[in-house]
Amino acid sequence: MPDRSCSKLLPALLPLLAATGCDGCPSSKPYTPYTLGSAAPSGSPPPLSGVGPGAPDPGLKADAGAPDAAAPPRFAAVPSVPAPEGGKRWPLDGGAMVAAPTGRTFETGLLLDLDGDGARDLVAWTRAPDGLRGELLFAPAARPQALRTLTALPGDLAPQGCTPRVGLSQIGPSTLALDFAPQCADPQRAAGAGATRWIAVIRLPGSAAGAGAPPELALELRLRAPPPAEALSAALEVADHDADGRDDLVVSVGIEGALRPFPAPAGAASELRAPLVFLDRPAGLSRDAAQPGETLRALAASLLRDARGKSTAPAVAASAQRLRRLYAVLCADAAGGGGAIAGRDAARAGEARVWTGAGPVRCGEPGLAAAIDHAEAVAASTRGAPLAAVAALDGGGAEPRTKEEGKLLAKLAPPVTPSAVYRTAAAPQPTRPGAFGPLAFEASGALLVRTAQGVVRVDPAASTESATDIPPWPTAVRAGPAELVAVERRCDAPTLLALFRSSPDAVGEMEVPLPLLRGQGPRARAGAASAERCAGTERLPYSPLAASEGGFDIALGAALVSIDLRAAAPASSALSFPLTTPAPQGAARSPDGTTLAVPAAGGLLVATAGGAARLWSGGDLAQATACAPANGGARVACVAGAAAVIFEAK
């Protein structure tokens, strides 16, 4: 078993918890991390900001005191240099020459004594003319023509039209890092085509290997290009994290920016990181299974602490979404990740965008998604937003609810078992899911039922039903000429998507990303998307709440969303309850617009502005659809079979 005594300190020393590293571990060697970013400009790699011997530790807090004088000096990272002689030949000490292989040219390299024989050898990156093929070669000084390939660039990393950026650096006394990063002018195309950053870590032979022993590939790491507006980075740190006298490797993976339509975080909180720890063992590098799980759990615990504070709770929802993204990007066993696919293609499925030589990263944190949901729900409750709290607890139905979550849900929306007080003879006109329903209360308490023959008024007090001359309201959810068609969850989209037609005669559908990640929102069917497999394209149930010339208001479970079509690029945002838009007939709202009734958390959530939310369930309500509440929320009418049923809460 790996020694995890030091790895347990990592969460407290990472950004957002503190600084990256494990300087408190016994015998650790604090080397400067080598940072690789996914959003770096094209061209040559940026110079490394190595810290020379005796320099202060930038990761130390101001009150931590002076650096330990007995601590080993920091290793100053050594960047490679451009190839001389037009890349055809590379001179070694003493005048010997290393010729580039046929069809290849040297691009960048290092002269170091890599095999321990006292003479400087060459490690150099050679490339094909297109730059999308190449090898890292080792030429020993004793036999300069005996070129050996340490590793070759996989052939599926860079789509055509992208320009490669290659960097080679010595990042520790016995460790080299090769960084291949395709730079693509179109980020959308880069993400869709699978443009992938490739990092190869080379370990130099120790003294025990004997003179002449060659370097070896120790680790491969892939970072697939994230969606536009997000950036994925990795910082490599070499240090003895388990105090066994051998240098280990920590790869701190960070995500920055925000998906559309989420607002981008600002300031020091703009990047979120978690480490992958690889311990040096006689058989090679072995990943410490404790990470990144420990860090992700610590970040979720920090969210929960903030959720309970009046001043910190408002920021928790945005932080929760960012932590969900880090989890999804880093962990193949996160909800909707690519774990069901084996081999190198696993990192290409779902949201998982990090792959090691051993395959996709499995974080082993089945309760993490629920912990993030719980923290967001507590924060919403703290700031007095019960619907947002229920939406967070609902969690898309992907995981069973814990007892703690059940208690919080019961507090936010106490359960109610309503009784059916009236069943109509009039048959509601069938409508497709997502359309305006056939039921609408009037302010008087009478119920209007849209039938195939016209609109019928139902007076439940007098048990009468009568035809009216009220024109039937439309079923389509329209904003001017545009019509809302569907809401989808897709394996290739990180957020839920709303689909609409710009006009009745439009060919095809337009898409609007919604402020809900793919793992959030309701499920079209139980078990449609598990933690191990994405279910392709899934159309989700939603409740229309309003429609106007400017756009649509809808509910996905208890999550309320506004879709604005007025700008050139349609946008969406989260809605606060109560809504200020008028309530159209057939919407899941009362005539005065202050009460809504939406399927959520396994029941029908009935909430009234200024009053308590309640979760109705049981009886005929389990099969009911297209529900509409009366003013005040004491009664709700739903379609049940071939009739409309009025339910009442006692």
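Everything below is about the structure printed above this text.
About the cut-offs
Residues numbered from 1 in each chain as written. Predicted model: local features only at pLDDT ≥ 70, side-chain atom pairs only at ≥ 80, totals over all residues. Heavy atoms only, no water. Buried < 20%, exposed > 50% of the residue type's maximum accessible area, 1.4 Å probe, protein only. Helix = DSSP H or I, 4+ residues; strand = E, 2+ residues; numbered from the N terminus. Pairing = 2+ DSSP bridges. Axes fitted to C-alpha atoms, helices over the stretch in contact; angles between N-to-C directions. Parallel < 35°, antiparallel > 145°, perpendicular 65-115°, else oblique. Contact = heavy atoms within 4.5 Å. Nonpolar A, V, L, I, M, F, W, Y, C, P; charged D, E, K, R; others polar.

A.B. asks: How should the pairing of strand 35 (residues 595-600) be read in this particular structure?
C.D. replies: Consecutive side chains of a regular strand alternate in pointing toward one face of the sheet and then the other. Along strand 35, five of the six residues are buried, which leaves the element largely enclosed by surrounding structure. Taken together, the six bridges between strand 35 and strand 36 (residues 603-608) define a ladder with antiparallel strand orientation. Each residue of the ladder has a partner; that of threonine 595, found in strand 36, is threonine 608. Between the antiparallel neighbours strand 35 and strand 36 lie two residues, among them alanine 601 with a positive phi of about 50 degrees.

A.B. asks: Looking at this structure, I do not really get the packing of helix 2 (residues 293-307) against helix 3 (residues 316-330). What am I missing?
C.D. replies: Angle between the axes and distance between the axes: these two values describe a pair of packed helices. Two elements in contact, helix 2 and helix 3, have axes whose closest approach is 10 Å; the angle formed by their N-to-C orientations is 170 degrees. Relative to helix 3, the element helix 2 is oriented roughly antiparallel. In this structure, helix 2 uses Leu296, Leu299, Ala300, Leu303, Asp306 and Ala307 to contact helix 3, whose residues at the interface are Val316, Ser319, Ala320, Leu323, Leu326 and Tyr327. Residue classes in the contact of helix 2 with helix 3 are distributed as 10 nonpolar, one polar and one charged.

A.B. asks: Help me out: how do you make sense of unusual backbone geometry in this one?
C.D. replies: Among all residues save glycine, negative phi is the norm, and among peptide bonds the norm is trans. Going from arginine 260 to proline 261, the amide bond is cis rather than trans, its omega being 10 degrees. Tracing the sequence through the fold places proline 261 in the loop between strand 15 (248-257) and strand 16 (271-281). Note that the residue after phenylalanine 577, namely proline 578, is joined by a cis bond; omega there is 5 degrees. Mapping proline 578 onto the fold places it in the loop between strand 34 (571-574) and strand 35. Even without being a glycine, alanine 601 presents a positive backbone phi close to 50 degrees. One can find alanine 601 in the loop between strand 35 and strand 36. Positive phi outside glycine occurs at alanine 626, with the angle close to 50 degrees. Examined against the element boundaries, alanine 626 turns out to sit in strand 38 (residues 625-629). Taking the relative accessible area as the measure of exposure, alanine 626 reaches 33% and is therefore partly exposed.

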